[in-house]
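# A closer look at the structure
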Amino acid sequence: MTLEPIRVPSAWLDLRERADAAARARELVGRLRRQLPTGDLVIHDLACGTGAMGRWLAPRLPGRQRWVLHDRDADLLDVAASAPPRAADGARVDVEVRHGDITRLAAGDLAGADLVTASALLDLLTAEELRVLIDVCTAAGCPALLTLSVVGRVQLTPADPLDARVAAAFDAHQRRTTARGKLLGPDAVPAAVQGFRRSGSEVLVRPSPWRLAASQAGLAAEWLAGWVGAAREQEPGLAAATELYTRRRLADARAGRLVVRVEHADLLTLPAGRGTR
Ligand SMILES: C[S@@+](CC[C@H](N)C(=O)[O-])C[C@H]1O[C@@H](n2cnc3c(N)ncnc32)[C@H](O)[C@@H]1O
């Protein structure tokens, strides 16, 4: 059993922001815009980190917006609050931070929300935590845009016979048992789709893959180091088997010779009765 929580370094979030922005499913934003009320918007971003979702989405939505940013890491919240973005039409975006555990939110905490967002969060949750999240989103009665959840598929080019073994151990690590319970990892997307549909919401799912090549060599190398590290932690026997592999793959990634595709999925949920626009 792993002890939690592990803090997410701000430098890692900086490094991935450009790849995340390129990966996000823009088509869902068009659909979302048709569901939002005209006038000022209140948006709750759950587990906001340094605020990448707001920096990406606020300039794609019109009008004044108030973003309520939730995270359990006060240092990340400080960064998130430091430079609010602007709306699509240049309107002002106000930011309010809420320091706390999003798995302990109650329905009233999101009262008045026009939209709930989260990014790179669902796969970190347990099934019970996801159930709570679905309940609070459903009670808020507004759309939810839940992006960049890993789905358990990666592809490295050129391929290596050890890739599949590392990938399987990494996925097992994503599903590891922690003090909070078993994490969903790659099971998060189907579980969220099922849970939201059971609550009466319409759910749209779109792919949002990272495609990391030479121009993202730094991120590809960091990702690879973390991917192999998690796999080795899960399956210590892999350490010897992957020693040369890791050195070679890392050198290739740093030199821009490795192309990495990491599959994610974005979800847009529309509450009952709002799915037709
Ligand atoms: C992978 S980062 C993603 C951050 C941001 N959404 C983004 O896309 O850049 C996960 C974030 O979730 C936060 N987090 C994880 N579990 C949380 C919880 N139970 N309550 C509040 N924040 C949480 C972490 O502090 C971290 O900022």
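Let us look at the structure shown here. This structure is a prediction, so every number in the text was calculated from the model and none was measured. (Residues numbered from 1 in each chain as written. Predicted model: local features only at pLDDT ≥ 70, side-chain atom pairs only at ≥ 80, totals over all residues. Heavy atoms only, no water.)

## Describing the layout of surface pockets
Empty space within the second largest pocket amounts to approximately 160 Å³. Every residue along the wall of the second largest pocket is listed here: Ala127, Leu130, Arg131, Ile134, Asp135, Leu184, Ala191, Gln194, Gly195, Arg198 and Ser199. Elements represented by at least two residues in the lining of the second largest pocket include exactly helix H5 (127-140) and helix H7 (188-198). Among the elements that take part in the lining of the second largest pocket, H5 stands out by supplying five residues, more than any other. Class assignment of the residues belonging to the lining of the second largest pocket gives a composition of five nonpolar, three polar and three charged. (1 Å grid on protein atoms, 1.4 Å probe; cavity = no way out; pocket = protein on both sides within 12 Å on 5 of 7 lines; lining within 4 Å. Points joined across faces, edges and corners; volume = space filled by probe spheres on them. Helix = DSSP H or I, 4+ residues; strand = E, 2+ residues; numbered from the N terminus. Nonpolar A, V, L, I, M, F, W, Y, C, P; charged D, E, K, R; others polar.)

## Quick word on the pairing of strand S10 (residues 259-270)
Counted residue by residue, S10 has 10 buried out of 12 residues, so it is predominantly covered. Bridge count for strand S5 (residues 144-157) against S10 is nine bridges, and the pairing is antiparallel. Residue pairing across strands places Ala144 opposite Thr269, the latter belonging to S10. Pairing between strand S8 (residues 202-207) and S10: six bridges, direction antiparallel. Counted as the bridge partner of Val203 is Thr269 from S10. In this structure, strand S9 (residues 210-212) lies alongside S10, joined through three bridges in antiparallel fashion. Considered in S10, the bridge of Trp210 is made with Val262. (Buried < 20%, exposed > 50% of the residue type's maximum accessible area, 1.4 Å probe, protein only. Pairing = 2+ DSSP bridges.)

## A few points about the side chain of Asp20
The topology assignment puts Asp20 in helix H1 (residues 10-23). Separated by 2.7 Å, the side chains of Asp20 and Trp210 make a polar contact. In this structure, Asp20 is in contact with Leu148 and Trp210, ignoring residues within four places of it in sequence. (Polar contact = N/O pair within 3.5 Å; in protein donor to acceptor, adjacent residues only side chain to side chain. Contact = heavy atoms within 4.5 Å.)

## Description of the site of the ligand
Taken together, 17 residues are adjacent to the ligand, and Ala47, Asp71, Asp101, Ile102 and Ser119 come closest. Here a nitrogen atom of the ligand sits 2.8 Å away from a polar atom, N or O, in the main chain of Ala47. Note that an oxygen atom of the ligand is positioned 2.6 Å from one of the side-chain N or O atoms of Asp71. For the ligand, whose accessible area on its own is 590 Å², the fraction buried by protein is 95%. Each residue belonging to the shell around the ligand can be placed in one class, and the counts come to nine nonpolar, four polar and four charged. (Near = heavy atom within 4 Å. Areas by Shrake-Rupley, 256 points an atom, 1.4 Å probe, with all protein chains shown as cover.)

## Comments concerning the nonpolar core
Leu46, Val116, Leu122, Leu130 and Leu267 are the most contacted members of the largest nonpolar core, which totals 29 residues. Secondary structure elements with two or more residues in this core: strand S4 (115-119), H5, S5, H7 and S10. Among the elements that make up this core, the one with the highest residue count is H5 (six residues). Ignoring any residue separated from it by four or fewer positions in sequence, one finds Leu46 in contact with His70, Ile102, Leu105, Leu110, Val116, Thr117, Ala118, Ser119, Leu121 and Leu133. If you look at the next biggest cluster of nonpolar residues, it comprises 27 residues, including Ala169, Trp223, Leu238 and Leu258. (Core = buried A, V, L, I, M, F, W, Y, C linked by side-chain atoms within 4.5 Å.)

## Focus on the environment of Ala179
Tracing the sequence through the fold places Ala179 in the loop between strand S6 (177-178) and strand S7 (181-182). Accessibility expressed as a relative area gives 56% for Ala179, which makes it exposed. Residues Ala179 and Pro5 lie 174 residues apart in sequence; the distance between their C-alpha atoms is 9.1 Å.

## Description of the packing of helix H6 (residues 163-174) against helix H8 (residues 217-234)
Each pair of packed helices can be described by the angle between their axes along with the distance between the axes. It is the contact of H6 with H8, at a shortest axis distance of 8 Å, that shows an interaxial angle of 70°. The angle between H6 and H8 falls in the class roughly perpendicular. Here Asp163, Val166, Ala167, Ala169, Phe170, Ala172 and His173 of H6 lie close against H8, whose contacting residues are Trp227, Val228, Ala230, Ala231, Glu233 and Gln234. Across the contact of H6 with H8, the residue classes tally to nine nonpolar, two polar and two charged. (Axes fitted to C-alpha atoms, helices over the stretch in contact; angles between N-to-C directions. Parallel < 35°, antiparallel > 145°, perpendicular 65-115°, else oblique.)

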